[in-house]
Structure formats: C-alpha cells, structure tokens
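If you want the building blocks of each chain, they are given just below.
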Amino acid sequence: MRPRRFLPAGPLKGTIRVPGDKSISHRSIMLGALAVGETRVTGLLEGEDVLATAAAMRAMGASVERIGEGEWSVHGVGVGALLQPQAPLDMGNSGTSTRLLMGLVASHPISATFVGDASLSKRPMGRVIDPLSQMGAAFEASDGGRLPLTVRGALPGVPIEYRLPVASAQVKSAILLAGLNTPGITTVIEPVPTRDHSERMLRGFGAELTVEAVNGERVIRIRGEAELKPQVIEVPGDPSSAAFFIVAALIVPGSEVLIENVGLNPTRAGIVEVLRLMGGSIEEVNRREVGGEPVADLLVKHSPLKGIEVDPAVAPSMIDEFPVLFVAAALAEGTTVTSGLDELRVKESDRLSAMAAALTAAGAQVTETADGLTVVGTAGDPLPGGGPVTTHLDHRIAMAMAIAGIASRDGVDVDDTRPIATSFPVFEALLESLAG
Ligand code: S3P
C-alpha cells in the first residue's frame, strides 16, 4: 500500500496536458494487432491497464513495441491469425482489456485463460459470456461468471443479433470484435448509446461497419472475416482523466487551469455538460479533430457551484466521472441528487458505497440510495477533511479523494495511491505542478 495525505492547496494555476484516452489506447493496440503491417500510435496512454493489453496481444503473436514517449509500433498478425497464448493472460485491474479480449479470442481457434487482481476478480463477466456463448465460444468461469476464466474460441463463429441488456461499451465492443472473424453480419442493438470508439476505429481500419438509428435505438452491423489495414493513430487526451483537474480548478478558489487536448466525443463529454449546469466555467478553446475524435483545450476557472438533480440519461456519457462529480457536489451550494447509477456498483469497486464512505470520512454530508448518492454541499466552504479513505484498488476513488483533499481544511488521507498508475501515472506530478 502507498498511503498519502492530500493537503489543502492554494489556487491551481497553469497549463497541463492529460495522457491519452484509455479506451482509445486499448483499441488502437488491439486493432493494430489484427491488421497486417505496421500501425503507428502516438499519445498512447502508458498506464498499467493499457500495458496489460499490449502484453496480451504480444502473447497472441503481435509485435507491440514502445519507440518513444507515448509512441508505439504495432505489427499485426491479421484477423483470424491470433496465436495460442502459452500462459494465462494477466489483465491486472483492467475490465476493458478482459472483456474486449474475451471477444477477440471467442472467434479465433485458440483458448485463453484470463486472470486479474482482487478487484477484477470480483467483476461480472456473465454480460460478455452470454453473447459470446451464443456466437459459439465455450467458457469455464469461476463462480458467478468471474475470473479466473478460460475461453475456447469457436471456428467458425456464429453471427448473432444481440440487444444489449446493460448500457456497456465493453459488452458492445466484445461482440463487435468477435464479429470481426465471424462469417456474415454480426448485429448489436444499443437501446442507450455508449462510447463509440470501437465503431469509429473499426471503420478507420477498413472494417465494413454501419450504424443506423431505428426507433431511437442504435443498430450496429459489422461484416466478418474482415481485412484490417494498418493505421497511423493519434490518441486524444482522456476526458476521464481531465475531469479530475476540471473539478479541482472549479472548487479551489482562485484557480485557473488550461487543460490541453481533451477528447470531447459526445458519448464521453457528459461531465462537462453537468458541471456547466452546476455553474462551472469551462470554456472550449481551439476545437479540432484528433484521430477522428473531437478535441478542444478547456479553460477552467474557479466557480461557485450549485447542487442539481442529475438526469440519469446522461450517465452513460460520464459513467467513469461520478466519483469526482460527487466531490464537486460536496462543495456546491445545495443538494445534488443522482440516480440510475446501478452500473457504478460493478466498476473497479462499488463506487456508490466507496464514495459515500470516503466523502463521509472527509466530512461531507452524503446519503447512499439503491442507485445513486445524494450529496448536500458546503456552499464553497472547504470540507473538514480526515480519513483514511479506502480506495478498494480503484484508481478513480483514489484520484477523486485526492481532489477532495486539496479542497479540504485539514487534508484527506488516502489509504493507497498505487491504483492511480492503472490509468493516470502522472496524476500526482500534474497536481503538484498546478499547485505550484
Ligand atoms: C469502457 C467502457 C466503460 C467504462 C470503462 C471503459 C470502454 O465500461 O466504465 O472505463 O473502454 O469500453 P462499461 O462498458 O462496463 O460501461
């Protein structure tokens, strides 16, 4: 464990650039590993989760090499040509690596065993086992459909039409990736839109993929036995990482921070919209496209925030940002009510109970409901502080409570900062650079 007390900071000032988007980084390595020839990636997130994906693709035959900072070269094997891994694939803390790679293995004539840390080993995999079994893959999973588990791929796989029972980009992507090496058309129906990086990137690599709106649902079709062409990919900055600094700048008096190169794909940008509704001053400067994704620099200034009722419909577009939104709510004037967040209970930790406990330990007024938190804010006064708070191997709990710490009177003790390295290894250094 690496505990740390995050102490109150003066105004945050300066310009930072957040590391590459985690979702896009995973996908660029996976698709690069399935294209024949060299894919070049810049701005890749070099966090533990993405490194787990890189190691797994190497174990299945691709060459995945680091050339420089954030710069990687991937030589793929071609769709259908993944090799049998010789040892269990260690996914560490990464649900995205696990679920997407289960999809890839499901339609290759190989088998793979997936293992992970204590957090990942508690997370439900049944949501991908169900559709991938329908496609012909066979599974031996631990109790409750959990890791460790072994997937035996089907060849040929069976194309399916599958309506997502939970709003999950990981489930959608697992099916689309399995569809890549399945004859015919695989169809995923999304009643609620989730992040669409897989669709964008699969198209970019030359897969035949269509998206149609039918009766308010998204119908995604992919033609299998695809041939992917190598790409040059620039990964935009991760809005989920930027969110910690957006909230920090909003709640620490006197702050003004420019966060450069933030991905603002509409399926990810819900946090910016919600913080603006709460009164946050977040200005988009220099809107442009990076790697087929909308990007801007964000100028964020300290703002008095107001509590709101958060529309559950925005949840999928900010699903990873609720821990830090709860911190913003704890310093707002009035009450913030959230609901419809059952999915937060099956992330790296149960984020509703973890954040309720953590914020309470830091002196905030929080009530946990079945599917959300209700937070009564301090109207801008610093939180008393305290702790220690338990991170439960969850990077986002650690970072959210670090931000609570710098906006507190006495500081907040975080029991373990190690998990931060899964998604944002330079988080603490950036925080220190802004606190001057
Ligand atoms: C991700 C999808 C989301 C998100 C995760 C990354 C992805 O998970 O929470 O951090 O890259 O597809 P779910 O699919 O479980 O919602």
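It should be emphasised that the depicted structure is a prediction, and the values quoted were computed from it without experimental measurement.

(A) A look at the site of the ligand. If you check the shell around the ligand, you find Ser-23, Arg-27, Thr-96, Arg-99, Ala-167, Ser-168, Ala-169, Gln-170, Arg-195, Ile-319, Asp-320 and Lys-347 and nothing else. At 2.6 Å, a side-chain N or O of Ser-168 approaches an oxygen atom of the ligand. A distance of 2.7 Å is found between an oxygen atom of the ligand and a side-chain nitrogen or oxygen belonging to Asp-320. When the ligand is considered free in solution it has 380 Å² of accessible area, and contact with the protein chains removes 95% of it. Formed jointly, the shell around the ligand draws a minimum of three residues from each of two domains, domain 1 (4-20 + 236-434) and domain 2 (22-234).

(B) Quick peek at the sheet that holds strand E4 (residues 63-68). The strand order across the open sheet built from four strands is E4-E5-E3-E14, with neighbouring strands paired in mixed fashion. Looking at the sheet topology across the chains shown, the edges are occupied by E4 and strand E14 (232-234). The average angle at which neighbouring strand axes cross in this sheet is 20°, direction not considered. Note: strand E3 (residues 37-42) against E14, three bridges, orientation parallel. Of the residues in E14, the one forming a bridge with Thr-42 is Glu-234. Relative to E4, helix H2 (residues 48-59) is tilted by about 135°, and along the sheet it contacts E4 and strand E5 (71-76).

(C) Quick look at the packing of helix H1 (residues 22-32) against helix H3 (residues 95-106). For the pair H1 and H3, interaxial distance at closest approach is 11 Å and the crossing angle is 30°. By the angle between their directions, the pair H1 and H3 is classed as roughly parallel. Like other packed secondary-structure pairs, H1 and H3 cross with a definite hand, here right-handed. Residues Lys-22, His-26, Arg-27 and Met-30 of H1 lie in contact with H3, whose contacting residues are Thr-96, Ser-97, Leu-100, Leu-101 and Leu-104. In the contact of H1 with H3, the residues fall into four nonpolar, three polar and two charged.

(D) Quick look at the environment of Pro-294. Its location among the elements puts Pro-294 in strand E17 (residues 293-301). Judged by relative accessible area, which is 13%, Pro-294 ranks as buried. Along the sequence, Pro-294 and Val-262 sit 32 residues apart, while their C-alpha atoms lie 8.5 Å from each other. Apart from the residues lying within four places of it in its own chain, the contact partners of Pro-294 are Arg-200, Val-262, Gly-263, Leu-264, Asn-265, Pro-266, Arg-287 and Arg-288.

(E) How the structure looks around unusual backbone geometry. A cis amide bond links Leu-147 to the next residue, Pro-148, at an omega of -10°. Considering the arrangement of structural elements, one finds Pro-148 in strand E9 (residues 146-152). Located in the positive-phi region is Glu-225, a residue other than glycine, with phi close to 55°. Although it is not a glycine, Ala-379 adopts a positive phi angle of roughly 60°. In this fold, Ala-379 is placed in the loop between strand E20 (372-376) and strand E21 (386-389).

(F) Layout of the pairing of E17. The buried fraction of E17 is high, at eight of nine residues. Relative to E17, strand E15 (residues 256-263) is paired through six bridges, and the arrangement is antiparallel. Following the sheet pairing, Val-257 is matched in E17 by Val-300. Taken together, the eight bridges between strand E16 (residues 281-290) and E17 define a ladder with antiparallel strand orientation. Bridge pairing in E17 links Ile-282 to Val-300.

(G) Spatial organisation of the domain arrangement of the protein chain. Taken domain by domain, the protein chain comprises domain 1 (4-20 + 236-434) and domain 2 (22-234). Taking only C-alpha atoms into account, the centre of domain 1 sits 28 Å from that of domain 2. Contacts between the two partners involve 28 residues from domain 1 and, on the opposite side, 27 residues from domain 2. Regarding the contact of domain 1 and domain 2, the summed buried area is about 2,200 Å², with carbon and sulfur atoms giving 49% of it. In this assembly, domain 1 and domain 2 are joined by three salt bridges. For Glu-348, the salt bridge identified is with Arg-123, shortest N-O distance 3.8 Å.

(H) How the structure looks around the UniProt feature "binding site: 3-phosphoshikimate" (unreviewed entry) in the protein chain. Per the UniProt entry, the sites bearing "binding site: 3-phosphoshikimate" (unreviewed entry) are Lys-22, Ser-23, Arg-27, Ser-168, Gln-170, Asp-320 and Lys-347 in this numbering. Residue classification places Arg-27 among the buried positions, given a relative accessible area of 4%. The contact partners of Arg-27, leaving out residues within four places of it in the chain, are Thr-96, Leu-100, Ala-169, Ser-173, His-197, Ser-198 and Met-201. Along the chain, the position of Ser-168 falls in the loop between strand E10 (161-163) and helix H5 (169-180). The exposure class of Ser-168 is buried, given its relative accessible area of 7%. For Ser-168, the residues in contact, after removing those within four places along its chain, are Arg-127 and Thr-194. Polar side-chain contacts of Ser-168 include one of 3.1 Å to the backbone nitrogen of Val-171.

Rules of the game
- Residues numbered from 1 in each chain as written.
- Predicted model: local features only at pLDDT ≥ 70, side-chain atom pairs only at ≥ 80, totals over all residues.
- Heavy atoms only, no water.
- Near = heavy atom within 4 Å.
- Polar contact = N/O pair within 3.5 Å; in protein donor to acceptor, adjacent residues only side chain to side chain.
- Areas by Shrake-Rupley, 256 points an atom, 1.4 Å probe, with all protein chains shown as cover.
- Domains from an automatic or database assignment.
- Pairing = 2+ DSSP bridges.
- Helix = DSSP H or I, 4+ residues; strand = E, 2+ residues; numbered from the N terminus.
- Axes fitted to C-alpha atoms, helices over the stretch in contact; angles between N-to-C directions.
- Contact = heavy atoms within 4.5 Å.
- Parallel < 35°, antiparallel > 145°, perpendicular 65-115°, else oblique.
- Left-handed = near helix turned anticlockwise from the far one by under 90°.
- Nonpolar A, V, L, I, M, F, W, Y, C, P; charged D, E, K, R; others polar.
- Buried < 20%, exposed > 50% of the residue type's maximum accessible area, 1.4 Å probe, protein only.
- Buried area = accessible area lost by both parts, 1.4 Å probe.
- Salt bridge = Lys/Arg side-chain N within 4 Å of Asp/Glu carboxyl O.
- UniProt positions renumbered as here; feature names shortened; annotations may be inferred.

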